[in-house]
Amino acid sequence: GNGLKVMQEINTMKKLITWLGDTLNIFKILFIIFFLSFSPSLVQSSERWVLDKTLSTIEFELPVLFAKNVQGKFNTIEGFVKLDVDKKQNNKAIFSVQVDDLEMNYIKYKNLLLSNVFFDSTQFPKAVIDTKKFSYDNEEEIELNVELTLKGKSEMVPLKIYIKRLAEELVQIQSELIFSRTKFDIGIGKWQNTSILKDKVKLKTNLFLFRE
């Protein structure tokens, strides 16, 4: 009788130890979840910066022979920057403009500029700049090759970027991008001739982004 009682007590102790072990593991998991939930700096591996559309501008300039250059500004801009705060390697930025929402100095040629002869804004309403992945570690100047998509074509083009931190949660990004309009079929027929309109188009950005 005593032996059976001792065995029952041992089994009870084993069950208690197993229960305590399982309970302790559950508490460990709950503690880790709780700790991480209130320690965003430990789990946050990226920052997202979004465009302030009221302050930001993207302008373009197309040189014209013996006349004032075609100049314009896109009114509808979208975009964001995603920063890899840990490894500094997997940063990414995408910006786009709505092609038909623009102001320009040669207003009487606006419809021609938006037609299929130039931008073809009906079929290709957006132009997009995609940096792909790039390295960034708080430099004030960086040079990248970015993908420009315009009129259904994509090309890698060089881009130089100047970055100013205006406040803890606000940065200013200025850049200048030059691309070949003929590579994107911007200006076809008689307008393809580079003796009338020069080949190089300049895009200038002045972007303001705030941290989400």
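Below is a short write-up of the structure. Note that this is a predicted model, so its numbers are computed, not measured.

Another aspect to go through is the overall build of the protein chain. The helix and strand tally for the protein chain stands at three helices and 11 strands. The order of α-helices and β-strands along the protein chain, N terminus first, is α-α-β-β-β-β-β-β-α-β-β-β-β-β. In the protein chain, buried positions account for 33% of the 212 residues. Taking as baseline every contact in the protein chain between residues at least 6 positions apart, the subset at least 24 positions apart corresponds to 60%. Roughly 13500 Å² of accessible area belongs to the protein chain as shown, and the carbon and sulfur atoms make up 58% of that amount.

The next point concerns the pattern of salt bridges. Applying the stated criterion across every chain yields a total of 11 salt bridges. Residue Lys 92 is joined to Asp 130 by a salt bridge in which the shortest nitrogen-to-oxygen separation is 3.1 Å. Taken together, the residues span a long stretch of sequence, with Lys 92 in strand β5 (residues 92–98) and Asp 130 in strand β7 (residues 126–130) at a distance of 38 residues. Lys 92 sits in the partly exposed class, given a relative accessible area of 28%. Using a relative accessible area of 11% as the deciding quantity, one classes Asp 130 as buried. Arg 211 is the partner of Glu 169 in a salt bridge, and the nearest nitrogen-oxygen pair spans 3.2 Å. Here Glu 169 is found in the loop between β9 (153–167) and β10 (170–180), whereas its partner Arg 211 is found in strand β11 (residues 200–211), with 42 residues between them in sequence. Residue Glu 169 is classed as partly exposed on the basis of its relative accessible area of 41%. Here Arg 211 falls in the buried class, since its relative accessible area comes to 19%.

All right, on to the nonpolar core then. Grouped together as the largest cluster of nonpolar side chains are 46 residues, with contacts concentrated most on Val 81, Leu 177, Phe 179 and Leu 209. With five residues, strand β8 (residues 141–150) is the single largest residue contributor to this core. Among residues more than four places away in sequence, those in contact with Val 81 are Glu 47, Arg 48, Trp 49, Lys 92, Ala 93, Phe 95, Ile 173 and Leu 209.

Inspection of the secondary structure puts Asp 120 in the loop between α3 (110–114) and β7. Notably, Asp 120 is buried but unbridged: the nearest opposite-charge side chain belongs to Lys 151, and the N-O separation is 5.6 Å.

Within the secondary structure, Asp 199 is located in the loop between β10 and β11. Look at Asp 199: it is buried, it has no salt bridge, and the nearest opposite charge is Lys 200 at 4.2 Å. Separated by 2.9 Å, the side chains of Asp 199 and Ser 180 make a polar contact. A polar contact is formed between the side chain of Asp 199 and the side chain of Thr 182, at a distance of 2.7 Å. Ignoring sequence-local partners within four residues, the contact set of Asp 199 consists of Phe 179, Ser 180, Arg 181, Thr 182 and Thr 194.

Definitions and limits used
Residues numbered from 1 in each chain as written. Predicted model: local features only at pLDDT ≥ 70, side-chain atom pairs only at ≥ 80, totals over all residues. Heavy atoms only, no water. Helix = DSSP H or I, 4+ residues; strand = E, 2+ residues; numbered from the N terminus. Buried < 20%, exposed > 50% of the residue type's maximum accessible area, 1.4 Å probe, protein only. Contact = heavy atoms within 4.5 Å. Areas by Shrake-Rupley, 256 points an atom, 1.4 Å probe, with all protein chains shown as cover. Salt bridge = Lys/Arg side-chain N within 4 Å of Asp/Glu carboxyl O. Core = buried A, V, L, I, M, F, W, Y, C linked by side-chain atoms within 4.5 Å. Lys, Arg positive; Asp, Glu negative; His and termini not counted. Polar contact = N/O pair within 3.5 Å; in protein donor to acceptor, adjacent residues only side chain to side chain.

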